[in-house]
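Chain by chain, the residues run as shown.
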Amino acid sequence: MTELGLRFILSLTQIAVVVLIVIVTVLILTLAERKVLGWMQDRMGPMEVGPYGILQPFADAIKLFFKEDIVPAGANKFLFTAAPLLALIPAFIGFAVIPWGPDWTVELNGIVYKPFVISDINIGILYILAFASLGAYGIILGGWASNSKYSLLGGLRSAAQVISYELNVGLAIIGVIILAGSLSLVQITNAQSGWFWHWYLFAFPAPQIFAFVVYVISSVAETNRVPFDLPEAESELVAGFFTEYSGLRFAFFYLAEYANMILVSCIAAAMFLGGWNAPYPGTILDLLGFPSLAWIENTMWFAAKTYFFLFLFFWLRATLPRLRYDQLMRFGWKVMLPIALANIVVTSIAVYLFPNS
Amino acid sequence: MAQLVFGYFAGVIAVTAILVVALRNPVYSVLSLLIMFFHVAGLYITLHAEFLAAVQLIVYAGAILVLYLFVVMLLNAKQDDRYHRQWWVAGFVCVPLLLELLVLFAGGKMEPSPLLSADQAGPGTDNAKAIGITLFSTYLFPFEVASLILLVAMVGAIVLAKRDIGGSGA
C-alpha cells in the first residue's frame, strides 16, 4: 500500500470516528436537554420510550426520517434543498482541528500521525472562525428560499445577529492567542498544562475571565440559543427560518444547531479551561503505572469540560427570558465589544510587562 | 500534481467570476461569488499562505458577502433592473485590459518572479507569525495609515447613515 493511500485511510478513519462521536453527542443532547429542562421545571421530561425515556432520541430520529418532505409553493427549490446542507457542513467541519486528547504522535508503517486531532494546522482557531461564519448562509438562504415572511424575517435577524456576535467571539479569543503565541489549538492546549491556574481562564499575567464571559455569552448568541434565539423566536416568528422545513431537512438544521453548540463548547474548553489537561499536573493513571492509558483520563477531562458548557446552555434556556431585538444589538455592540477590546489592550500590556511568564 | 490543483482552482475562479455577472438571479450571483472566494482561499493554501486563506474566508465570505446577500434579499431586485445601459462603459474599460493581457502573454516569458517562486519560508515556518513581523516592522507606517483610513471610513459611514434620522432628535 502506498504511503498516500495509508495516510488517506488513517484520516478517513479519524474523520469517521469524530463524526460518529459528534452525532452520538447530539443524540444524547436532545434527550439531556429535555430531561434537564424537565427537572428544572419540576417535571419528569420524556418517560415513554424505553426505560426512563432514554430511547427518546431514536424515536425522534425515526419520526423525522419518515415525515413527509414538503417544499412550499413558490419556494426556490434549489436553495431550499441546499440551505440545510450549507448550515450543516460548517458546523461539522470545525471539529477537524479540535484536540480531543494528549498531543501524542504515533508511527505506523513510517507514517507519523496524531491520534487525537484530525489535522493540527497552524491556523486552527482561524479555520474554525472562518467556517463558523459560513453557518449564517444556511440560515439566511433557508429563510429566503422558503418564500415565507416569517422565514425571511428570521433569516435576516440571524444574519445581523451572527455577524455582530461573531466579532465578539473573535475578539474575545485574541487575549488567549496573545498569551499562547500560537493560533494552533493543539499548541494552545499544550501551553496550559500543569496545575489548573495555568489555564488561560486564570493564567498569570492576564487572567482571561472577562474574555471568557464575553466568549460564552457571544457563543450562545452565535448558536441562536435562548436567550438570543430571536431568529427562531416561536412566539413572534412561528419558528423563524425553518418554519417551512419538515422531515429530514428540518433534522439537518436541528443537527447543525446542536453540532454548533458542541463545537463552541469544545473551543471554550480548549482555549480557556485547558482542553484535555487535568486540573493537576500529569495524570493519575500515569502515576499508577499505566502511562499508555493516560489518554482516557485526558479525553474524559475534555468531555467533562465540554459537557459543563453544554449544561450551561440548557441552564440558560431554563432560566432566562428572550431579549428584545434592539436590546440584543445594543448589548452586542455597546457592552460586549468594548469589554473584548479592553481585554485585548490589557492582555497586551500585561504580556509586554511580564514577557517570560 | 501542483499544476493540476492550480488548474482546478484557477478554472473554477474564472468560471464563477463570469457567472457572478452573467447569472440573472442576484442571489445566485452572490452564491457564485461565495464559491469563488473559497477557491481563492484554496489558491492561497497552495502557496502556503494559510493565514491569508483564513482571513479571506472570514472577511470576505463571512462578513462582506453576508451583507451583500442581506442587501440583495431586502431589495428584492427585479431580475432585469440590474442591467442598465452601462455595458458600453464596461466594454470601454475591459477592451484595453484584455489587450494588455494579450500583450503580456505574448511578450513576457512567464517567468515566475523570484519573490513568489520558491517558497522561501517553507511549509514549516509559522505563516501568521511571519506576516505579523513584516506588518509591524517593515510596513508599520502603511499599516497604521490603512487602519486610520478605515476608521475614517467607518465614522463617515455612520455620519451618512445618521443624517436621515437627525431631524427627529436621534
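Quick caveat, the model's predicted, so the values are computed rather than measured.

### Some words on the overall build of chain B
- Helices and strands together make up the secondary structure of chain B, namely 6 helices and 0 strands.
- What you see in chain B, going N to C, is helices and strands ordered as α-α-α-α-α-α.
- For chain B, buried positions account for 16% of its 170 residues.
- Pairs at least 24 apart in sequence give 55% of the contacts found in chain B among residues at least 6 apart.

### Some details on the nonpolar core
- Membership of the largest hydrophobic core comes to 119 residues, with the highest contact counts inside it found for A268 of chain A together with A54 of chain B.
- In terms of residue count, helix α11 (residues 247-272) of chain A provides more of this core than any other element does, 17 residues in total.
- Residues within four places of A268 of chain A in sequence aside, it is in contact with Y215, V216, S219, L273 and F309 of chain A.

### Digging into the interface of chain A and chain B
- Counting from both sides, the interface comprises 16 residues of chain A and, opposite them, 16 residues of chain B.
- Looking at the side of chain A that touches chain B, the elements with two or more residues in it are α4 (124-132), α5 (135-145) and α6 (149-172) of chain A.
- Examining the composition of the side of chain A that touches chain B, we find that 4 residues originate from one element, α4 of chain A, more than from any other.

### Examining unusual backbone geometry
- Its identity as a non-glycine residue notwithstanding, D42 of chain A has a phi of 60 degrees, on the positive side.
- In this fold, D42 of chain A is placed in the loop between α1 (3-40) and α2 (56-66).
- Residue H48 of chain B is not a glycine yet carries a positive backbone phi of 60 degrees.
- If you trace the backbone, H48 of chain B turns up in the loop between α2 (26-46) and α3 (50-75).
- Assessed through the 17 C-beta atoms surrounding it within 10 Å, H48 of chain B is described here as partly exposed.

Reading the values: rules and limits
Residues numbered from 1 in each chain as written. Chains lettered and ligands numbered in written order. Predicted model: local features only at pLDDT ≥ 70, side-chain atom pairs only at ≥ 80, totals over all residues. Helix = DSSP H or I, 4+ residues; strand = E, 2+ residues; numbered from the N terminus. Buried ≥ 20, exposed ≤ 12 C-beta atoms within 10 Å, placed from the backbone. Contact = placed C-beta atoms within 7 Å. Core = buried A, V, L, I, M, F, W, Y, C linked by C-beta atoms within 7 Å.

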